[in-house]
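# Summary of structural features
Take a look at the letters that make up each chain.
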Amino acid sequence: MSASPAPRPKPAPTSPEPATSHVFTISEVLRELQNEFPDLTASKLRFLEERDLVEPARTASGYRKYCAADVERLRFILALQRDRYMPLDVIKQTMDAIDSGETPEALPQAAPVGPREVTDEMAAQITGRIRPMSRKELRAHSGATRGMLDTLEKFRIIQADAEGNYSHHDLKAVKAVRVLARYGLEPKHLANIRRSADNELDLIARAMAPHAARKDTAARARVAESSKEMLQCLKDLRASIMDTSVEQLDKN
């Protein structure tokens, strides 16, 4: 009796062809992101490209083509800028590190290493940023008395907006003043801090004056980014000077 022929192996199932990724025009990118970033403009997208933060492909006619990864990368960059107030040069270093497979130290704990959105929870972890709050809420969050808030407003350490609400910056200021009060520094002693801040803002305004005269959107975006970068440099300079002086106290 002849052996029955061995069964033929079944052919391996073929994988379906991957669907073509969607390509976004610059207008479609704006529609995708403007709900989260209402101030985003085409000029800002072009500016980020000029700073080598995103590199969309180009059609033969020169039109930009953004892939889904480009859009997610932009979302991540814009969120770092909005939620962490990072200047673009620092964001560029962060993105270069991510592109190289590194985990940048600047990213918060549990931050996704890749083109993802910085969530409200992550932003709160980093900056303590919360929605605008009423005077009553400011008192509750900071533990300050009515009298302290009155004095801080008198010396322009905190300022309510047109609707009478306060920002997370005001909350940070009040908390800092409360700590300083433990060392005998009262709000009235901090008037020089406000004057010093005004002087630094004046330096930035004067440096930006030639550029601020231009009214096009791209120029305004550059002024905003450059102002943030200057502010960060002034903070670093001030901290360096003060750190050096405080370290001398340990040596005396």
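If you look the protein up in an unreviewed UniProt entry, it shows as DNA-binding transcriptional MerR regulator from Nesterenkonia halotolerans.

### Remarks on the overall build of the protein
A tally of regular secondary structure across the protein gives 10 helices and 2 strands. Starting at the N terminus and ending at the C terminus, the protein contains elements arranged as α-α-β-β-α-α-α-α-α-α-α-α. Per-residue burial over the protein gives 30% buried out of 252 residues. The long-range share in the protein, meaning contacts at least 24 apart out of those at least 6 apart in sequence, stands at 58%. Element-wise, carbon and sulfur atoms account for 53% of the exposed surface of the protein, whose accessible area totals about 16900 Å².

### Considerations on the packing of helix α6 (residues 135-142) against helix α7 (residues 146-154)
Close contact between α6 and α7 brings their axes to 10 Å; oriented N to C, the two are set at 110°. Overall, the two elements α6 and α7 adopt an arrangement that is roughly perpendicular. You can see that α6 and α7 cross each other, and the crossing is right-handed. Of the residues in α7, those touching α6 at Arg135, Leu138 and Arg139 are Arg146, Leu149, Asp150 and Glu153.

### Notes on the layout of surface pockets
Its volume calculated, the largest pocket comes out at about 1600 Å³. Around the largest pocket, the lining is made up of 30 residues, and of these His169, Ala173, Ala197, Lys235 and Arg238 lie nearest the centre. At the level of secondary structure, the elements contributing two or more residues to the lining of the largest pocket comprise α8 (168-181), α9 (191-212) and α10 (217-251). Tallying contributions element by element places α8 first for the lining of the largest pocket, with 8 residues. Partitioned by chemical class, the residues of the lining of the largest pocket number 14 nonpolar, 7 polar and 9 charged. Taken as a whole, the second largest pocket encloses approximately 380 Å³ of empty space. Along its surface, the second largest pocket is lined by 16 residues, and Asp39, Leu40, Lys44, Gln81 and Glu225 are the ones closest to its centre. Sorting the residues of the lining of the second largest pocket by element identifies α3 (68-84) and α10 as the ones contributing at least two each. If you tally residues by element for the lining of the second largest pocket, the top one is α10, at 6 residues. Classifying every residue of the lining of the second largest pocket by side-chain character gives 6 nonpolar, 3 polar and 7 charged.

### A few points about the nonpolar core
Within the largest apolar cluster, 25 residues are counted, with the highest numbers of intra-cluster contacts made by Val29, Leu33, Leu45, Tyr66, Leu74 and Ile91. Looking at which element gives the most residues to this core, the answer is α3, with 7 residues. Apart from the residues lying within four places of it in its own chain, the contact partners of Leu45 are Ile26, Val29, Leu30, Leu40, Tyr66 and Leu74. Within the second largest apolar cluster, 13 residues are counted, among which are Leu152, Tyr166, Leu171 and Val177.

### Structural notes on the pattern of salt bridges
Going through the model one piece at a time under the given rule, you end up with 13 salt bridges. Residue Arg64 pairs with Glu49 through a salt bridge whose shortest N-O separation is 2.5 Å. Linking Arg64 in strand β2 (residues 64-65) with Glu49 in helix α2 (residues 42-50), this pair joins segments that are 15 residues apart in sequence. A residue is classified by how much of its surface remains accessible, and Glu49, at 16% relative accessible area, is buried. Among the ionic pairs, Asp150 bridges to Arg135, the shortest N-O distance being 2.4 Å. In this pair, Asp150 is assigned in helix α7 and Arg135 in helix α6, connecting sequence segments 15 residues apart.

### Focus on the packing of α2 against α3
The geometry of α2 relative to α3 is characterised by a closest axis approach of 12 Å and an angle of 95° between their N-to-C directions. Between α2 and α3, the crossing angle belongs to the class labelled roughly perpendicular. For the pair formed by α2 and α3, the contact residues are Lys44, Leu45 and Leu48 on the first element and Leu74, Leu78 and Gln81 on the second. Looking at the contact of α2 with α3 residue by residue, the classes come out as 4 nonpolar, 1 polar and 1 charged.

Each value, and the rule that gives it
- Residues numbered from 1 in each chain as written.
- Predicted model: local features only at pLDDT ≥ 70, side-chain atom pairs only at ≥ 80, totals over all residues.
- Heavy atoms only, no water.
- Helix = DSSP H or I, 4+ residues; strand = E, 2+ residues; numbered from the N terminus.
- Buried < 20%, exposed > 50% of the residue type's maximum accessible area, 1.4 Å probe, protein only.
- Contact = heavy atoms within 4.5 Å.
- Areas by Shrake-Rupley, 256 points an atom, 1.4 Å probe, with all protein chains shown as cover.
- Axes fitted to C-alpha atoms, helices over the stretch in contact; angles between N-to-C directions.
- Parallel < 35°, antiparallel > 145°, perpendicular 65-115°, else oblique.
- Left-handed = near helix turned anticlockwise from the far one by under 90°.
- 1 Å grid on protein atoms, 1.4 Å probe; cavity = no way out; pocket = protein on both sides within 12 Å on 5 of 7 lines; lining within 4 Å.
- Points joined across faces, edges and corners; volume = space filled by probe spheres on them.
- Nonpolar A, V, L, I, M, F, W, Y, C, P; charged D, E, K, R; others polar.
- Core = buried A, V, L, I, M, F, W, Y, C linked by side-chain atoms within 4.5 Å.
- Salt bridge = Lys/Arg side-chain N within 4 Å of Asp/Glu carboxyl O.

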